[in-house]
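Summary of the model geometry
What follows is the residue order along each chain.
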Amino acid sequence: MTPPELATRWMHALTSTAYIPLSHAEIQQELRDALAQLPSSPESVANRLVSLHATGPDSLRVTIEVLAPTFELPILARLSSAYAHAMRLDAFDQQEQIKVAIVRAKQRVERTLKVSQARFREVFDSAALGIVITDLSGRCVEANDALARIVGLSRGADLHDRDLRELYHPDDSERLDAAYRRVGAGLVNGFRDQRKLVRADGEPVWVHLVVSVLRDADGEPAHHVTMVEDMSELHLLQRSLDHQLLHDSLTGLSNRQHFVTQVERRLDGTPITLYHLGLDAFSVVNNGLGHDTGDKLLKIVANRLGELAERKRAVLARIGGDEFALMTTSDTVTSTVEEIQQALGEATFVDDHGIALSASIGVVDRPPSFATAAELMRCANTALRQAKARGKRQWALHDPHDDARRRGRYALAASMPGAWEHGELKIVYAPIHLLETREVLGAVARLHWDDLSHNDTMALADSTGLSLPIGRWLLREACAQAARWVEEFGAKAPSLHIALGALQSRDEDLVADVKRALDESGLPPERLRIALDVSSVLAGDDNAVVLHDNGIVTALDGFRGGHDELAVLAEVPVRTVITRAPAPGRETPLHQAMRGLITTVHGFGVRFAADEVHTCAEADDWHAAGADGVIGLLPALTAAEVTELLATAASPPPAAS
Amino acid sequence: MAEQAGRIPEGVDTGRPSAARLYDYLLGGGHNFAADRALAERFLRAQPNARTIARLNRAFLRRAVLFMVDNGIRQFLDLGSGIPTVGNVHEIARRADPRARVVYVDFEEVAVAHSRLILEDDPQAEIVQEDMTRPEEVLAATRETGLLDFSEPVGVLAVGVFHFVPPEADPRAVVAAYRDAVPGGSHLAFSQFTGDLQPAEMAGIVEVMKKSQNPMFPRTRAEIEGLFAGFDLVEPGVVPLPLWRPEGQNTDDPDRAGIYAAVGRKI
């Protein structure tokens, strides 16, 4: 038999006696190597067999049977005794390993028991409830200090070995004893009761009892556990104090703090709705009829809303002078709002004054469960302010998007002064292209801050009152820069265009500011174009006229083509109107309309330009519609970049492609 | 490894035989005690072929794991892993792909301690001590290890364990819970004793094990097929264990194996 054949036969014999976790090919290779090694070192072959786990009860027998025809007896004898030795060592190793596992398992069990005992001890010792463990005869095995205090002792240990029945009030003793016996006999799992115990000083004390059974390892009842809650007067006084902390003293309703914790408790996905009510014109009552009347009225309101809340199983609170809050679940907002108004609207006679009330209501409906109670209260308040702004008896639903937008805008506006102070606002220059020749006509100076566009930055600046100082700064800086370009590049320098924000366009100092900027920089007036916000001329402001009289060419920005705007064109001497309308795609009705509009504008002798035009296709659309110029076709550049471009270009700045 | 103090362990008593150590003994291992070996001798009297069955079952585990690896599975959940004697899932899978990850599940203190000993330096394999018939707890503990990604197919192994699951534990619901926790393309490998093949021997085994910590509950082929609801059984279906995709020429008598095997793929 060839060695490979022998290895195959050996493999089949071995794998039917023991599990060897290898593929047949791998086992065969191992055994082929073993066969080669066998004559010189039967001991290492024996070790290999054991480490392969060829260690079934019959593995050695089949090995000898397979190998006997081919190998001499002395070799097989050495193999056998080495195999037996290796098996012994292997068994020792495994026994060693399992012993370590046993020791570790035992340690773990003990540790776990200790942790669990420590945990029990912690609960037992720190519980506000009295806890006592008694054996089935009623003897105290262990009691905590809380129980000792309830019965007028100082430490739980004082109760050790005493009969719990000694603590029962004689009136209750018999009945309680019977109840304990039923639990001890396994008839019931436990009981609850309200009974009297007797304190060490002989005074009775009312308690809630909760009694259950502890079973031993075989499941037999072995001990009773009794939990004891003190219901005594002192205890009740404490609870009353708690009540006062959480309730409004005038109306008895929950106060804001209590309401917020109740909202928090429902923020688990329950579909809640919050109503923030503000009584309309309550100050009129207070001021006109006096605070006593006001207080009486508030109590009546609280009563009526209380009835409504009870009907709707809602939570009601008085959260401010004349403000109430209501939390409902699975509610229909419109009908609840109507019910609230009805409840309040019924005329009320207070001190002979008939008063009908109404409320403005802010509503937060089914907020996401990740919202915090404080956030919801704030949102409800915001909605209430919106409702109040619309007049009496109004309600407003909190709009999460609106809120986010408003907050984002406030945050941005708030950071603007700092940003300006730190020089984060930059001036960039966008090219104006003449559509007919594709030449660059000039550069528009614009503000650039963060990711905001010029117009957004100006609008934001308008809302903070910063737009005037920022606008003046832009005017000064851009004129100085344009003058430097004229000085350096002469006729090749771009003309400067500045679009002003709405506030600055109407500023009565505008003309003086422009003249000062020109004087200080030395920029020739014909090199400056001022675009005024169209709203200023519509409002009848005369800045456009005065600028024109001073030789400065003006344009109107934000042109939308309304009749009022067209009418102005007849009166105000402007060179150009600038629109931010979207490009009128050809073959669309918009194209026709725009074409008509532009023809009309041209009829006034005014040119037509479009801002925010970013692609050649859009520029072509505008061209086809008859527009004269576009802004934005190339990205805006910093002053330094423009200078560099002017220096390298043979022809005027950024040439259109 | 974090201590789970929430549960009081049952304790360690080497005087009570355990199924995990019985299996180890039948496989020729040395991780067992006198009580286990005494039970094994009674077991062998009822089913003289028990050593072969143990060996075949272990070999099926290997074939099933390699089959899953071939089908793209790289993470395994081994339910009722016992005392890993030889040819453990992580060893088999890793020979095929070193990135394979395994979570073993067992409840018995010594088996868990032994597995911890073997796996303590292994970052890609871990044992969780839970009752495999309580899938929510097993799955929660498994997720806590962070080893398995439940958005990727998982190889669930229930090899030689469900015959310890009594009907009251609702084996169909147990399997369904694991099935629902893993994504489509996951696999379930399953083997368990049956009375279909050798009724007399099976009855003897049930009798021997009745008084142990681990009584046994054989199941029919139809019952086992029923456990694979929501899975496509891969060829050759539920078969006597040696017939499940044997390696090379099968030399074992399938009817004397006394145990069925199957692998399913979650639809």
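Quick notes on the rules
Residues numbered from 1 in each chain as written. Chains lettered and ligands numbered in written order. Predicted model: local features only at pLDDT ≥ 70, side-chain atom pairs only at ≥ 80, totals over all residues. Heavy atoms only, no water. Helix = DSSP H or I, 4+ residues; strand = E, 2+ residues; numbered from the N terminus. Rg over C-alpha atoms; globule rule 2.2 N^0.38 Å. Buried < 20%, exposed > 50% of the residue type's maximum accessible area, 1.4 Å probe, protein only. Contact = heavy atoms within 4.5 Å. Areas by Shrake-Rupley, 256 points an atom, 1.4 Å probe, with all protein chains shown as cover. Lys, Arg positive; Asp, Glu negative; His and termini not counted. Charge placed at Lys NZ, Arg CZ, Asp CG, Glu CD. Buried area = accessible area lost by both parts, 1.4 Å probe. Salt bridge = Lys/Arg side-chain N within 4 Å of Asp/Glu carboxyl O. Polar contact = N/O pair within 3.5 Å; in protein donor to acceptor, adjacent residues only side chain to side chain. Nonpolar A, V, L, I, M, F, W, Y, C, P; charged D, E, K, R; others polar. Pairing = 2+ DSSP bridges. Axes fitted to C-alpha atoms, helices over the stretch in contact; angles between N-to-C directions. Phe/Tyr/Trp six-rings, centres within 6.5 Å; stacked < 30°, edge-to-face > 60°. Lys NZ or Arg CZ within 6 Å of the ring centre and 35° of its normal. Left-handed = near helix turned anticlockwise from the far one by under 90°. Right-handed = clockwise from strand over helix to strand, strands pointing away. UniProt positions renumbered as here; feature names shortened; annotations may be inferred. Core = buried A, V, L, I, M, F, W, Y, C linked by side-chain atoms within 4.5 Å. Expected span 1.5 Å × (residues − 1). Domains from an automatic or database assignment. Parallel < 35°, antiparallel > 145°, perpendicular 65-115°, else oblique.

As recorded in an unreviewed UniProt entry, chain B goes by the name O-Methyltransferase involved in polyketide biosynthesis, listed as coming from Lentzea fradiae.

1. Points about the overall build of chain A
The helix and strand tally for chain A stands at 24 helices and 21 strands. The globule rule puts the C-alpha radius of gyration for 657 residues at 26 Å, and the 46 Å found for chain A is more than 25% above it. By the burial criterion, 45% of the 657 residues in chain A qualify as buried. For chain A, contacts bridging at least 24 residues in sequence account for 61% of all contacts bridging at least 6. On chain A, roughly 33,000 Å² of surface is accessible, and the fraction owed to carbon and sulfur atoms is 52%. Measuring between centres, the 67 positive side-chain charges of chain A sit 4 Å from its 91 negative side-chain charges.

2. Some details on the interface of chain A and chain B
Counting from both sides, the interface comprises 31 residues of chain A and, opposite them, 39 residues of chain B. Carbon and sulfur atoms make up 60% of the area that chain A and chain B hide from each other, which totals about 3,200 Å². Broken down residue by residue, the surface that chain A buries against chain B is led by A:Y19, A:I98 and A:R108, which jointly contribute 23%. Summed over the shared surface of chain A and chain B, the number is three salt bridges. Between B:R95 and A:E26 there is a salt bridge whose closest N-O contact spans 2.6 Å. Seen at the junction of chain A and chain B, the total is 14 residue pairs in polar contact (both at pLDDT 80 or more). Elements represented by at least two residues in the side of chain A that touches chain B include exactly helix 2 (24-37) and helix 5 (73-126) of chain A. A per-element tally of the side of chain A that touches chain B places helix 5 of chain A first, with 18 residues. In the side of chain A that touches chain B, the residues fall into 13 nonpolar, 12 polar and six charged.

3. A closer look at the sheet that holds strand 6 (residues 272-279) of chain A
Residue and element names in this part refer to chain A. Pairing is mixed across the open sheet formed by five strands, whose spatial order is 7-8-6-11-12. Each edge of the open sheet is held by one strand with a lone partner, namely strand 7 (315-320) and strand 12 (395-397). The mean angle between the axes of side-by-side strands here comes to 20°, regardless of whether they run parallel or antiparallel. Summarising the sheet, strand 11 (residues 359-365) and strand 12 pair through three bridges and their orientation is parallel. Across the sheet, V363 pairs through a bridge with L397, a residue of strand 12.

4. Some points on the packing of aromatic side chains
What describes a pair of aromatic rings is the distance from one ring centre to the other and the angle between the planes of the rings. Residues and elements named next belong to chain B. Scanning the model with the defined rule gives 12 aromatic pairs over all chains in all. Pairing F43 with F193 gives two aromatic rings, centres 6.4 Å apart and planes at 65°, and the pair type is edge-to-face. Residue F43 is found in helix 2 (residues 34-46), and its partner F193 is found in strand 5 (residues 187-193); the two are separated by 150 residues along the sequence. For the residue pair F43 and F193, the accessibility class agrees, reading buried in each case. Taking the centre distance of 5.9 Å and the plane angle of 75° together, the rings of F190 and F228 count as edge-to-face. Linking F190 in strand 5 with F228 in the loop between helix 9 (221-227) and strand 6 (231-233), this pair joins segments that are 38 residues apart in sequence. Taken individually, F190 and F228 each receive the classification buried, so the pair is uniform in this respect. It is R143 that lies over the ring of F150; its NZ or CZ is 4.6 Å from the centre. Looking at R245, its charged tip hangs above the ring of W244, at a distance of 5.5 Å from the centre.

5. So, unusual backbone geometry
What is expected of a backbone is that most residues other than glycine have negative phi and most peptide bonds are trans. Cis rather than trans, the peptide bond between B:E235 and B:P236 has omega equal to 5°. Within the fold, B:P236 resides in the loop between strand 6 and strand 7 (239-240). Positive phi, normally seen in glycine, also occurs at A:D161, with a value near 75°. Along the chain, the position of A:D161 falls in the loop between helix 6 (145-150) and helix 7 (170-184). Overall, the relative accessible area of 43% leaves A:D161 in the partly exposed class. Although it is not a glycine, A:R366 sits at a positive phi angle of roughly 40°. For A:R366, the position within the fold is in the loop between strand 11 and helix 13 (373-389).

6. As for the packing of helix 11 (residues 291-311) of chain A against helix 12 (residues 333-345) of chain A
Residues and elements named next belong to chain A. Taken N-terminus to C-terminus, the directions of helix 11 and helix 12 make an angle of 145°; their axes are 9 Å apart at the nearest point. Every pair of crossing elements has a handedness; the one defined by helix 11 and helix 12 is right-handed. On helix 12, the residues touching V301, R304, L305, L308 and R311 of helix 11 are E339, I340, A343 and L344. When grouped by side-chain class, the residues that make up the contact of helix 11 with helix 12 number six nonpolar, no polar and three charged.

7. Quick look at the pairing of strand 19 (residues 607-610) of chain A
All names here are of chain A. As defined by bridge partners, strand 18 (residues 576-579) adjoins strand 19 across four bridges and the pair is classed as parallel. Each residue of the ladder has a partner; that of T576, found in strand 19, is R607. At this point the chain moves from strand 18, through helix 22 (residues 589-603), to the parallel strand 19, and the crossover so formed is right-handed. Relative to strand 20 (residues 629-631), strand 19 runs parallel, the two sharing two bridges. Along strand 20, the bridge assignment pairs A610 with V630. The parallel pair strand 19 and strand 20 is bridged by helix 23 (residues 616-625), and the resulting crossover is right-handed.

8. Some details on the UniProt feature "domain: GGDEF" (unreviewed entry) in chain A
Those residues carrying the UniProt feature "domain: GGDEF" (unreviewed entry) are residues 270-400 of chain A in this numbering. Secondary structure over residues 270-400 of chain A splits into 46% helix and 28% strand, and the C-alpha atoms at its two ends are 18 Å apart.

9. Focus on the nonpolar core
Residues and elements named next belong to chain A. In this structure, Y429, L496, I498, I530, F608 and W622 are the most contacted members of the largest nonpolar core, which totals 70 residues. No other element matches helix 16 (residues 467-489), which puts 10 residues into this core. Setting aside residues no more than four positions away along its own chain, I530 makes contact with L475, I498, L500, V514, L547, I552, V553, T554 and A555.

10. Observations concerning helix 11 of chain A
The end-to-end C-alpha distance of helix 11 of chain A, which contains 21 residues, comes to 30 Å, matching closely the 30 Å that a straight helix rising 1.5 Å per residue would cover. The complete set of buried residues in helix 11 of chain A reads A:T293, A:G294, A:L297, A:L298, A:V301, A:A302, A:R304, A:L305, A:L308 and A:A309.

11. What to know about helix 7 of chain A
All names here are of chain A. The first and last C-alpha atoms of helix 7 sit 21 Å apart over 15 residues, in line with the 21 Å expected at 1.5 Å per residue. Regarding helix 7, the residues found buried are D172, L176, D177, A179, Y180, V183 and G184. As for helix 7, its buried residues are in contact with strand 3 (190-198), strand 4 (204-215) and strand 5 (221-230). Remark: G186 follows helix 7 within two positions and exhibits a positive phi of approximately 80°.

12. Regarding the domain arrangement of chain A
Domain parsing of chain A yields domain 1 (3-96), domain 2 (127-236), domain 3 (247-398) and domain 4 (422-648). Its C-alpha centre places domain 2 of chain A at a distance of 46 Å from the equivalent point of domain 3 of chain A.

13. Re the packing of helix 10 (residues 282-289) of chain A against helix 11 of chain A
Residue and element names in this part refer to chain A. Close contact between helix 10 and helix 11 brings their axes to 6 Å; oriented N to C, the two are set at 140°. Judged on the interaxial angle alone, helix 11 and helix 10 are oblique. Residue-level contacts link F282, V285, N286 and L289 of helix 10 to H291, T293, G294, L297 and L298 of helix 11. Partitioned by chemical class, the residues of the contact of helix 10 with helix 11 number five nonpolar, four polar and no charged.

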